[in-house]
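Chain by chain, the residues run as shown.
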Amino acid sequence: MTMQPWQAHVLTAFPQMFPGALGFSNVGKALNENIWSLDTHDLRQYATTRYASIDDTPFGGGAGMVICPQIIAGIMDKVLSHSVRATLPRLFLSPRGKPFSVERAKALATGDGAVLLCGRYEGVDQRALEYYNFEEISIGDYVISSGELASSVLLDATVRLLPRVLGALASLTEESFEHNLLEYPHYTRPAVWRGLAAPEVLLSGHHRRIAQWRLQQSCALTAKVRPDLFAKYQASHSKLGEDN
Ligand SMILES: C[S@@+](CC[C@H](N)C(=O)[O-])C[C@H]1O[C@@H](n2cnc3c(N)ncnc32)[C@H](O)[C@@H]1O
């Protein structure tokens, strides 16, 4: 039985931006091995004007341009004509969206793929977003120029969680955000570099002491830079204490 690849369908005005960074390292290797597939759908293909414009000025005035609904429809009606694709989650990359997270990446990775709409300029006509049920999703509280970079971030974070993409599963369970902690610091050879020694415990070969040290470091770092996350870690631990 051949496994179907996890399908990424990206609606974009700049298909040449793909695979870009997604063509490298484990994620790029997985693309070559057909563990996931990447189909870009060019918004300009559906432009009706002589200059291939896909956008127009916003009703009500204001700066910038808005991608027209018929451009999105031209592609969505084609993408959706395939029965599997019709069931994929539809996400519009947008600073207005729900924050993307590792939980969301895990949920997406357990599905069959996703349809991602990349905005440009001011954004996309609201009617097209609602008509096709796009959920808005944000990669952070800042504004970047395009949905293409945001899509790439979302895809990288998701695809690396697919089975067979990252070799060592242990590296995933110890990553930042697992158990609401940030990852501990790492050291490698040489043991002393420019007079700075790596922590002695890491050279001890004592697995229990190393694990304790790493947990302490993770807790201290998380409490310092992400008190919001550390509060969740503490809450889940006090809950575990109550349950036992
Ligand atoms: C210049 S931005 C538009 C920003 C929009 N006018 C606003 O204020 O919400 C152009 C496109 O970049 C993408 N984008 C920008 N920031 C993003 C973010 N934080 N998360 C996800 N996508 C983002 C979106 O696709 C957006 O439509």
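Residues numbered from 1 in each chain as written. Predicted model: local features only at pLDDT ≥ 70, side-chain atom pairs only at ≥ 80, totals over all residues.

## Quick look at the overall build of the protein
Helix and strand counts for the protein come out as nine helices and 10 strands. Along the three orthogonal principal directions, the C-alpha set of the protein runs to about 70 × 45 × 45 Å. For the protein, long-range pairs separated by at least 24 residues make up 75% of all intrachain contacts whose partners lie at least 6 apart in sequence. (Helix = DSSP H or I, 4+ residues; strand = E, 2+ residues; numbered from the N terminus. Contact = placed C-beta atoms within 7 Å.)

## A closer look at the environment of Cys68
If you trace the backbone, Cys68 turns up in the loop between strand 4 (66–67) and helix 2 (69–79). The exposure class of Cys68 is buried, given the 22 C-beta atoms found within 10 Å. C-alpha separation for the pair Cys68 and Pro89, spaced 21 residues apart in sequence, amounts to 21 Å. Excluding residues that lie within four positions of it along the chain, Cys68 makes contacts with Ile54, Asp55, Asp56 and Asp125. (Buried ≥ 20, exposed ≤ 12 C-beta atoms within 10 Å, placed from the backbone.)

## Concerning the site of the ligand
Around the ligand, the surrounding shell holds 19 residues, and the nearest of these are Leu93, Pro95, Gly119, Gly147 and Ala150. The element that contributes the greatest number of residues to the shell around the ligand is strand 5 (residues 90–99), accounting for four residues. Its residues assigned to classes, the shell around the ligand comprises eight nonpolar, eight polar and three charged. (Near = placed C-beta within 6 Å. Nonpolar A, V, L, I, M, F, W, Y, C, P; charged D, E, K, R; others polar.)

## Side note on unusual backbone geometry
Along the chain, Phe18 connects to Pro19 via a cis peptide bond; the corresponding omega equals 0°. Residue position: Pro19 is located in the loop between strand 1 (6–12) and helix 1 (25–32). For the peptide bond that leads from Arg189 to Pro190, omega is 0°, which places it in the cis range. Structurally, Pro190 is set in the loop between helix 7 (170–173) and strand 9 (192–193). The residue Arg164 is not glycine, and still its phi comes out positive at about 80°. Relative to the elements of secondary structure, Arg164 occurs in the loop between helix 6 (147–159) and helix 7.

## Let's talk about the sheet that holds strand 4
The pairing of strands in a sheet happens through backbone hydrogen bonds and is either parallel or antiparallel. If you trace the three strands from one edge of the open sheet to the other, you get 3-4-7, paired in mixed fashion. Only two strands of the sheet have a single partner each, and these edge strands are strand 3 (55–56) and strand 7 (123–124). Bridge analysis of strand 3 against strand 4 gives two bridges, and the strand direction is antiparallel. Looking at the pairing, Asp56 lines up with Val66 of strand 4. (Pairing = 2+ DSSP bridges.)

## Observations concerning the domain arrangement of the protein
One can read the domain layout of the protein as domain 1 (6–159) and domain 2 (174–243). Each of domain 1 and domain 2 has a C-alpha centre, and the two are 36 Å apart. (Domains from an automatic or database assignment.)

## Concerning the pairing of strand 6 (residues 113–118)
Across the six residues that make up strand 6, a large majority, six, are buried. Along strand 6, one buried face is formed by Gly113, Val115 and Leu117 and the opposite face, lined by Ala114, Leu116 and Cys118, is buried too. In the sheet, strand 1 pairs with strand 6 via five bridges, with the strands oriented parallel. Paired with Gln7 across the two strands is Gly113, which belongs to strand 6. Of the pairings in the sheet, the one linking strand 5 to strand 6 comprises four bridges and is parallel in character. Its bridge partner lying in strand 6, Arg90 is registered against Val115.

## Let's talk about the sheet that holds strand 1
The strand order across the open sheet built from five strands is 2-1-6-5-8, with neighbouring strands paired in parallel fashion. In the strand order of this sheet, the two ends are held by strand 2 (36–42) and strand 8 (135–138), each with one partner. In this sheet, neighbouring strand axes are inclined to one another by 35° on average, regardless of whether the strands run parallel or antiparallel. Here helix 6 sits on the sheet in contact with strand 1, strand 2, strand 5 and strand 6, set at roughly 160° to strand 6. (Axes fitted to C-alpha atoms, helices over the stretch in contact; angles between N-to-C directions.)

## A look at the nonpolar core
Formed by 44 residues in total, the largest nonpolar core has its most connected members in Leu43, Ile67, Ile72, Leu93, Leu116, Leu117 and Val124. Contributions of two or more residues to this core are made by strand 1, helix 1, strand 4, helix 2, strand 5, strand 6, helix 5 (126–131) and helix 6. Tallying contributions element by element places strand 6 first for this core, with five residues. Those residues in contact with Leu116, other than ones at most four positions away along the chain, are Ala8, His9, Val10, Leu11, Leu91, Leu93, Ser151 and Leu154. (Core = buried A, V, L, I, M, F, W, Y, C linked by C-beta atoms within 7 Å.)

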